[in-house]
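# Tertiary structure, described
So you can see what is in the structure, the chains are spelled out below.
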Amino acid sequence: MQFMYTVYVLKDKNDKLYKGLTNNLERRFKEHKSGQTVTTSKMKELQIVYKEIYGNFEIARKRELYFKTSAGRKFLKKVIGRQVA
């Protein structure tokens, strides 16, 4: 059985973004919303605003790390349509 990996971007009510990687987006999103993740525990009204799915962990991890660079933030600004911090 091959896992699928999702690189995702969450946004809160203040337009703050969180970029992450998981093999189960539904479970991971519930963890974020319930405050189980330190980084997102103070973020309110979280929503998934972008996601990409990969069949290879290493490629997905590189994509997640790219989103955390200035070039990745510029890319997200284009696709999400907002100022990315």
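Before reading on, note that the structure itself is shown above.
One structure accompanies this document, and this report is about it. Everything quoted here is computed from the prediction, not taken from an experiment. Residue numbers run consecutively from 1 along every chain, following the written order of its sequence. Only residues with pLDDT of at least 70 are given local features in this predicted model, and only at 80 or more are side-chain atom pairs given and counted; all residues enter the totals for whole chains, interfaces and linings. Side-chain figures throughout are based on the complete set of non-hydrogen atoms in the structure, without hydrogens or water.

### Brief notes about the packing of aromatic side chains
Both the distance between ring centres and the angle between the ring planes are used here to describe each pair of aromatic rings. Heads up, the condition is: The pairing test for Phe, Tyr and Trp rings, Trp by its six-membered ring, is centres within 6.5 Å, and the orientation test on the planes gives stacked under 30 degrees, edge-to-face over 60, and tilted for anything in between. Note on exposure labels: buried denotes an accessible area under 20% of the residue type's maximum, exposed denotes more than 50%, and partly exposed covers the range between, all computed with a 1.4 Å probe on protein chains only. Comment: the charge-over-ring label is applied if NZ (Lys) or CZ (Arg) is within 6 Å of the ring centre and within 35 degrees of the ring normal.
Scanning the entire structure with this criterion turns up 8 aromatic pairs. With a centroid separation of 6.3 Å and 45 degrees between ring planes, the pair formed by F3 and Y5 is classed as tilted. For F3, a relative accessible area of 42% puts it in the partly exposed group. Relative accessible area serves as the criterion here: at 17%, Y5 is assigned to the buried category. One aromatic cluster is present, formed by Y50, Y66, F67 and F75 through successive ring pairs. One cation-aromatic arrangement involves R63 over F75; the distance from NZ or CZ to the ring centre is 4.8 Å.

### So, unusual backbone geometry
Definition in use: Starting at the N terminus, helices and strands are each numbered in turn, a helix being any DSSP run of H or I of at least four residues and a strand any DSSP run of E of at least two.
Unlike most non-glycine residues, D15 shows phi in positive territory, near 65 degrees. Looking at the secondary structure, you find D15 in the loop between strand 1 (5–11) and strand 2 (17–22). Its identity as a non-glycine residue notwithstanding, E45 has a phi of 55 degrees, on the positive side. Inspection of the secondary structure assignment puts E45 in the loop between helix 1 (25–33) and strand 3 (47–54). Classification of E45 as exposed rests on a relative accessible area of 59%.

### A few points about the pattern of salt bridges
Threshold: What makes a salt bridge here is a side-chain nitrogen of Lys or Arg within 4 Å of a carboxyl oxygen of Asp or Glu, nothing more.
Summed over all chains, the structure comprises 7 salt bridges. Linking K68 and E64 is a salt bridge whose minimum nitrogen-to-oxygen distance equals 3.3 Å.

### Topic: the packing of helix 2 (residues 57–67) against helix 3 (residues 70–81)
The following threshold applies: Geometry is summarised by axes, namely lines fitted to C-alpha atoms with helices restricted to the contacting stretch, and by angles between N-to-C directions that run from 0 to 180 degrees. Working definition: roughly parallel below 35 degrees, roughly antiparallel above 145 degrees, roughly perpendicular at 65 to 115 degrees, and oblique for all remaining angles. Working rule for contacts: check all heavy atoms of both residues, and any pair within 4.5 Å makes them a contact.
Between helix 2 and helix 3, the least distance of the axes is 6 Å, while the angle of their chain directions is 85 degrees. Between helix 2 and helix 3, the crossing angle belongs to the class labelled roughly perpendicular. Mapping the contact onto sequence places R63, Y66 and F67 in helix 2 and A71, G72, R73, F75 and L76 in helix 3.

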